[in-house]
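# Notes for the structure review
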Amino acid sequence: MRVKVVNVVATSDLRQSVDLEKIGDLKFGVHDDMFYGGRVAYLKSPTMKGRVSIFRSGKMISVGTKSSEEAFDDLKTAMEIIVDAGLTKPITLNMEVRNMVASVDLEREDIDLNLFASKFYEVTYEPEQFPGAICRLIDFPGVTILLFSTGKAVITGVRNLDQLSRVVNQMASFLANL
């Protein structure tokens, strides 16, 4: 079984207001009134792995990275760019991973989603609406697994690699009982 983190969403708060129009004037900044009514600016420098959204309140969201370390680095880089431009004062950032998305290759192609859905009550499978089974795990509130008959899966809602590992192990256990 191969598991690969494909996106990490992390947040932080500068705890001070930010002038979004001035962020848009920065070399790596974008602010456009057409994006969310002008309520957000974006930073994406060549050293960043993802992109950071910045709100007028100072709240920031990092998306598009492949690890929590990359997400945290991007948030720090965004703060440094804003501080260096004189738009905010430096602070110690407190960051939190809100969501990790992982793709899983189960290395098997024989998954009977009808059988899977009938054996586990936390599974929804309606092939006429969506080609995969949607699994919500009682032990992991907020985590969703999209399982496909091709032996591929997508896991969303985990917050760290330990939780991801436990979810993958539970999914493998379910599949072993088919």
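A few points on the structure. (Residues numbered from 1 in each chain as written. Predicted model: local features only at pLDDT ≥ 70, side-chain atom pairs only at ≥ 80, totals over all residues. Heavy atoms only, no water.)

### Topic: the sheet that holds strand β5 (residues 59–65)
Across the sheet, ten strands lie side by side as β2-β3-β4-β5-β1-β6-β10-β9-β8-β7; this open sheet has antiparallel pairing. Of all the strands in the sheet, the pair left with one neighbour each is β2 (29–31) and β7 (123–124). As defined by bridge partners, strand β1 (residues 2–13) adjoins strand β6 (residues 96–105) across nine bridges and the pair is classed as antiparallel. Note on β6: the bridge partner recorded for asparagine 7 is valine 101. Contacts between helix α2 (residues 68–84) and the sheet are confined to β1, β3 (40–43), β4 (51–55), β5 and β6, with β5 contributing the most and set at about 135 degrees to the helix. Of the strands in this sheet, β1, β6, β9 (144–148) and β10 (152–158) touch helix α4 (residues 161–176), which is tilted by about 140 degrees from β10. (Pairing = 2+ DSSP bridges. Helix = DSSP H or I, 4+ residues; strand = E, 2+ residues; numbered from the N terminus. Contact = heavy atoms within 4.5 Å. Axes fitted to C-alpha atoms, helices over the stretch in contact; angles between N-to-C directions.)

### Considering the side chain of glutamate 122
Tracing the backbone shows glutamate 122 in the loop between α3 (113–119) and β7. This buried residue, glutamate 122, is left without a salt bridge; arginine 136 holds the nearest opposite charge, at 11 Å. Once residues within four sequence positions are removed from consideration, glutamate 122 is found in contact with Ile134, Cys135, Arg136, Ile138 and Phe174. (Buried < 20%, exposed > 50% of the residue type's maximum accessible area, 1.4 Å probe, protein only. Lys, Arg positive; Asp, Glu negative; His and termini not counted. Salt bridge = Lys/Arg side-chain N within 4 Å of Asp/Glu carboxyl O.)

### What to know about α4
Relative to the 22 Å expected for 16 residues at 1.5 Å per residue, α4 spans 22 Å between its end C-alpha atoms, a close match to the ideal helical length. Restricting attention to buried positions, one finds in α4 the residues Gln163, Leu164, Val167, Val168, Gln170, Met171, Phe174 and Leu175. In an axial view of α4, the angular spread of the buried residues amounts to 160 degrees, which keeps them on one side of the axis. Exposed side chains of α4 directed beyond 90 degrees from the buried face belong to Leu161, Asp162 and Ala176. Buried residues along α4 sit against β1, β6, α3, β9 and β10. The N-capping residue of α4, defined by a side-chain oxygen 3.2 Å from the backbone nitrogen of aspartate 162, is asparagine 160. (Expected span 1.5 Å × (residues − 1). Arc of directions from axis to C-beta. Polar contact = N/O pair within 3.5 Å; in protein donor to acceptor, adjacent residues only side chain to side chain.)

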